[in-house]
Amino acid sequence: MLLKITVLPGDGIGPEVTEQAVLVLHSVADAFGHRLQFQDKLIGGAALTTSNDPLPPDTLQACLASSAVLLGAVGSPVFDHNPGHLRPEAGLLRLRRELGVFANLRPAVFFPALEDCSPLRAEIVRGTDIMIVRELLGGVYFGQPRSIEGSPGSRVAINTMRYGEDEIERIARVAFDLAMKRKRKLLSVDKANVLECSRLWREVVTRVGKDYPEVKLGHQYVDSAATLLVQRPTEFDVVLTENMFGDILSDQAGGLVGSLGLLASASIGGPVGLYEPVHGSAPDIAGKGIANPLGAILSVAMMLRHTFHLEQEAACIENAVSSALSHGARTADIAGKTHTATSTPEMGGRVLEAVRTGAPASA
Ligand code: IPM
Ligand code: MG
């Protein structure tokens, strides 16, 4: 199979982690007999610096012409005072919209080798395997109107949370379909005691749920879901939620499995899938070679699964990550007191080695 991929390393630690993910992808492609075609393009702050546009037209065209996009991270304090449309994040938000990727899947899986890394006691976090399904193209991130108006001292800022029934229904179906392949448990997270958007959300999700009688559907307010997530994480299976709640809860889920650096994501629903680690650009550690590449590497596994339907290849990467961790490979974020920290390229190398040993010799 020919896999056509656009790589957008982006800002901060983005280039370091995507480099390792691409190396791992090469080794899997070799082992399973696939051909790869890569193209690197600029996004975010890296693009702003050269073209004053966080998503230059040739980047977008390259993404639309490929089968999948791997993104590192966007964001840099250099642009903190830029107007909204000239911030690095605006490039990513536009890319998501242009690609039509309304469904953002963010798995938070606890690795048994990392019992010492979670801030939670092992008996609480052991067995955690959550799939957060975050709506990615609606809500307060994209709602109009939005503005800051008035004169200094008396300015008013406006954002709009907006959801249409069709937007809720299509993301709900993605979540129910996933639940059918998992433990058939779905928790829809909202703030229906306060927000109209959430009341409509709950109504539509309940209606869609009638088509999935085998899925046990629950509803929870987001504040209470945040508490339960740290108290009883193993009780969660699929979590369905709107854009901003999903942004917040997925970072929390990263914290509870040991590090945000471990979390991968897939953004799907359009013709081209977008795959990115959940962690940001982490400017404080950029360029030091200490970032955790596992979020990016696991995002590539999600790409193989969701865009290319190469389940065996995806599992091969996931098993390799698990194996590298069991053999003590630890970047600084998950080294704790007991391990010596490995560098970003070393961690990538350990996964690569595990891919080579784990891949079927006959493939
Ligand atoms: C994420 C990030 C982005 C978001 C930012 C960089 C725009 O935090 O993917 O979680 O808020 O969606
Ligand atoms: Mg986020």
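Residues numbered from 1 in each chain as written. Chains lettered and ligands numbered in written order. Predicted model: local features only at pLDDT ≥ 70, side-chain atom pairs only at ≥ 80, totals over all residues. Heavy atoms only, no water.

### Description of the domain arrangement of the protein
Annotation of the protein at the domain level lists domain 1 (1-102 + 260-363) and domain 2 (118-257). When each unit is reduced to the centre of its C-alpha atoms, the spacing between domain 1 and domain 2 is 24 Å. The interface is formed by eleven residues belonging to domain 1 together with 14 residues belonging to domain 2. Carbon and sulfur atoms make up 75% of the surface buried where domain 1 meets domain 2, a total of about 1,200 Å² over both sides. The interface formed by domain 1 and domain 2 contains one residue pair in polar contact (both at pLDDT 80 or more). Top contributing element to the side of domain 1 that touches domain 2 by residue count: helix H4 (residues 88-99), with three residues. Tallied by class, the residues present in the side of domain 1 that touches domain 2 amount to seven nonpolar, two polar and two charged. (Domains from an automatic or database assignment. Contact = heavy atoms within 4.5 Å. Buried area = accessible area lost by both parts, 1.4 Å probe. Polar contact = N/O pair within 3.5 Å; in protein donor to acceptor, adjacent residues only side chain to side chain. Helix = DSSP H or I, 4+ residues; strand = E, 2+ residues; numbered from the N terminus. Nonpolar A, V, L, I, M, F, W, Y, C, P; charged D, E, K, R; others polar.)

### Quick word on the site of ligand 1
The environment of ligand 1 is made up of Glu89, Arg96, Arg106, Arg134, Tyr141 and Asp247. Within the side chain of arginine 106, one N or O atom sits 2.7 Å away from an oxygen atom of ligand 1. Take aspartate 247: an N or O atom from its side chain is 2.9 Å from an oxygen atom of ligand 1. (Near = heavy atom within 4 Å.)

### Remarks on the pairing of strand S2 (residues 35-40)
Where strand S1 (residues 2-10) and S2 come together, six bridges link them in parallel fashion. In the sheet register, lysine 4 faces S2, and the bridge partner there is glutamine 37. A crossover connection joins S1 to the parallel S2 through helix H1 (residues 14-32); in handedness this β-α-β unit is right-handed. (Pairing = 2+ DSSP bridges. Right-handed = clockwise from strand over helix to strand, strands pointing away.)

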